[in-house]
Amino acid sequence: MSAEELEAELRAPHPPGVRSLDDASLTDLAASVRDARHRQAAALEAASEQALGHIPRVLRIPLRKALGS
Amino acid sequence: MNDALDRRAEVLKLAQLRGRDPESLSYLESVPATDLAVLRERVTDRLFDAHDGTLKRLARGSRVLPTGLLATLGEHAFGPLLCARFAALIEPARAVEVAAKLPAPFLGDVAMELDPRRASDVIGRMPAAQVAGVARSLASGRARPAWPSSLSPAPDRRPNC
């Protein structure tokens, strides 16, 4: 189950040598990928909010158009 | 001996990629280095693809912003990890222009997060003096143990430093 959990998290098969790991290690690997993704999502959201404060008003309309919003 | 060192290097890179203490991934040292390298590439792909839509949209939006402002946003809002993601999505010449306005220590942090497979054009276009400056910055007191794969010599080009 843990090997499948890791593959589901990676969305790709993992190399054969990784299959030799025990379930606890495979679960830990899957969790670490998931955590890294979540941290990245949180960083992206926070950064986007913060970035708005640095953008001059005169550029915000063309920026919104370029963003497609 | 070399294989043990290669494995250790891969574990360090994987730990950095996942924001983990390398010792917490010591169980990976039983896996062949070549398999660890493949695993690292697959984790990298997953993380790079994870927010692809949002990142591409932001990269598109960045085209209307001056490079000086992009550098400011990169350093003060997005940080090294997200800058490394963007570097792979914006036009290489523009990425190099933005990089020229960033301090070497920050670029060193970005280098640690870059996937050289996706940013080879950007890395290859960077002036050798700037690459050398980033390498010196990394060597002069960085806490991170992993060597950034992005600072391996670019294809057909080695900086004189």
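Everything in this summary refers to the structure shown in the same document. Along each chain, residue indices are assigned from 1 in the same order as the chain's sequence is written. To label them, take the chains in the order written and letter them from A, then take the ligands in the order written and number them from 1. The predicted origin of the model limits local features to residues at a pLDDT of at least 70 and limits the giving and counting of side-chain atom pairs to 80 or more, whereas totals for whole chains, interfaces and linings rest on all residues. Hydrogens and water molecules were not included; the side-chain quantities draw on all heavy atoms of the structure.

1. So, the overall build of chain B
Then, number 1: Helix and strand counts for chain B come out as 8 helices and 0 strands.
Then, number 2: Counting from the N terminus, the helices are DSSP H or I runs at least four residues long and the strands are E runs at least two residues long. Along chain B, helices (α) and strands (β) appear in the sequence α-α-α-α-α-α-α-α when read from the amino end.
Then, number 3: Here the term buried applies to any residue with accessible area under 20% of the maximum for its type, exposed to any over 50%, and partly exposed to those in between, with areas from a 1.4 Å probe on protein chains only. Within chain B, the proportion of its 161 residues that are buried is 50%.
Then, number 4: By the convention used here, residues are in contact when the closest approach between their heavy atoms is within 4.5 Å. Contacts in chain B between residues far apart in sequence, at least 24 positions, make up 77% of those at least 6 positions apart.
Then, number 5: All accessibility values rest on the Shrake-Rupley procedure with a 1.4 Å probe; residue burial counts only the protein chains present in the view. When the accessible surface of chain B is totalled, it reaches about 7700 Å², and 52% of it is carbon and sulfur.

2. Concerning the environment of Val33(A)
Then, number 1: In this structure, Val33(A) sits in helix H3 (residues 23–52).
Then, number 2: Overall, Val33(A) belongs to the buried group, its relative accessible area being 0%.
Then, number 3: Separated by 17 residues in sequence, Val33(A) and Gln50(A) place their C-alpha atoms 26 Å apart.
Then, number 4: Excluding residues within four positions of it along the chain, Val33(A) makes contact with Glu9(A), Leu10(A), Arg18(B), Val43(B), Arg46(B) and Leu47(B).

3. With respect to the side chain of Glu10(B)
All names here are of chain B.
Then, number 1: Position of Glu 10 relative to the elements: it lies in helix H1 (residues 2–18).
Then, number 2: Polar side-chain contacts of Glu 10 include one of 2.6 Å to the side chain of Arg 40.
Then, number 3: Those residues within four positions of Glu 10 in sequence are excluded, and the remaining contacts are Ala 33, Leu 36, Ala 37 and Arg 40. Counted as a polar contact is a pair of N or O atoms within 3.5 Å, where, for protein atoms, one must be capable of donating a hydrogen and the other of accepting one, and residues adjacent in sequence contribute only when both atoms are in side chains.

4. Points about the environment of Gly74(B)
All names here are of chain B.
Then, number 1: Here Gly 74 lies in helix H4 (residues 67–87).
Then, number 2: For Gly 74, a relative accessible area of 5% gives the class buried.
Then, number 3: Distance from Gly 74 to Val 98, taken between C-alpha atoms, is 8.9 Å for residues 24 residues apart in sequence.

5. Points about the packing of H4(B) against helix H5 (residues 92–99) of chain B
All names here are of chain B.
Then, number 1: All axes here are fitted lines through C-alpha atoms, helices being fitted over the stretch that makes contact, and every angle between N-to-C directions spans 0 to 180 degrees. Between H4 and H5, the least distance of the axes is 10 Å, while the angle of their chain directions is 115°. Taken together, the axes of H4 and H5 lie roughly perpendicular to each other. Like other packed secondary-structure pairs, H4 and H5 cross with a definite hand, here left-handed. Of the residues in H5, those in contact with Thr 67, Leu 70, Ala 71 and Ala 87 of H4 are Arg 94, Ala 95, Glu 97 and Val 98. In what follows, roughly perpendicular refers to angles from 65 to 115 degrees, roughly parallel to angles under 35, roughly antiparallel to angles over 145, and oblique to any angle outside these ranges. Rotating anticlockwise by less than a right angle from the far helix to the near helix defines a left-handed crossing, while the corresponding clockwise rotation defines a right-handed one.

6. Thoughts on the packing of aromatic side chains
One pair of aromatic rings is described through two measures. These are the centre distance and the angle between the planes.
All names here are of chain B.
Then, number 1: Ring geometry is summarised as follows: Phe, Tyr and Trp rings, the Trp one being its six-membered ring, pair when their centres sit within 6.5 Å, and such pairs are stacked at plane angles under 30 degrees, edge-to-face over 60 and tilted between the two. Within the structure shown, the criterion is met by 1 aromatic pair over all chains.
Then, number 2: With 5.2 Å between their ring centres and 85° between their planes, Phe 78 and Phe 86 make a pair best called edge-to-face.
Then, number 3: The buried category is assigned to Phe 86, whose relative accessible area is 11%.
Then, number 4: Over the ring of Phe 48 we find Arg 85, and its NZ or CZ is 4.1 Å from the ring centre. Note on criteria: charge over ring means Lys NZ or Arg CZ within 6 Å of the ring centre, with the direction from the centre no more than 35 degrees off the ring normal.

7. Some thoughts on the interface of chain B and chain A
Then, number 1: Contacts between the two partners involve 38 residues from chain B, matched on the other side by 36 residues from chain A.
Then, number 2: Joining two parts hides part of their accessible area as seen by a 1.4 Å probe, and the buried area is that hidden amount summed over both. When chain B packs against chain A, close to 3200 Å² is buried across both sides, 68% of that on carbon and sulfur atoms.
Then, number 3: For this analysis, a salt bridge means a side-chain nitrogen from Lys or Arg found within 4 Å of a carboxyl oxygen belonging to Asp or Glu. At the junction of chain B with chain A, the criterion picks out 1 salt bridge.
Then, number 4: Of the charged contacts, one joins Asp28(A) and Arg20(B) as a salt bridge, the two residues approaching to 2.8 Å between their closest N and O atoms.
Then, number 5: Counting across the chain B and chain A interface gives 11 residue pairs in polar contact (both at pLDDT 80 or more).

8. Things to note about the nonpolar core
Then, number 1: Within the largest apolar cluster, 40 residues are counted, with the highest numbers of intra-cluster contacts made by Leu65(B), Leu73(B), Phe78(B), Leu82(B), Phe86(B) and Leu114(B).
Then, number 2: Of all the secondary structure elements, the ones that give two or more residues to this core are H3 and helix H4 (57–67) of chain A together with helix H3 (52–61), H4, H5, helix H6 (104–113), helix H7 (116–125) and helix H8 (128–139) of chain B.
Then, number 3: Of all the elements, H4(B) adds the most residues to this core, at 11 residues.
Then, number 4: For Leu73(B), the residues in contact, after removing those within four places along its chain, are Ala51(A), His54(A), Ile55(A), Leu65(B) and Phe78(B).
Then, number 5: Within the second largest apolar cluster, 22 residues are counted, among which are Leu10(A), Leu26(A), Leu25(B) and Tyr27(B). Only buried residues count toward a nonpolar core, which is a set of Ala, Val, Leu, Ile, Met, Phe, Trp, Tyr and Cys residues joined through side-chain atoms within 4.5 Å.

9. Focus: H5(B)
Residue and element names in this part refer to chain B.
Then, number 1: Where burial is concerned, most of H5 is hidden: 6 out of the 8 residues are buried.
Then, number 2: The complete set of buried residues in H5 reads Pro 92, Arg 94, Ala 95, Val 96, Val 98 and Ala 99.
Then, number 3: Lining the buried residues of H5 we find H4, H6, H7 and H8.

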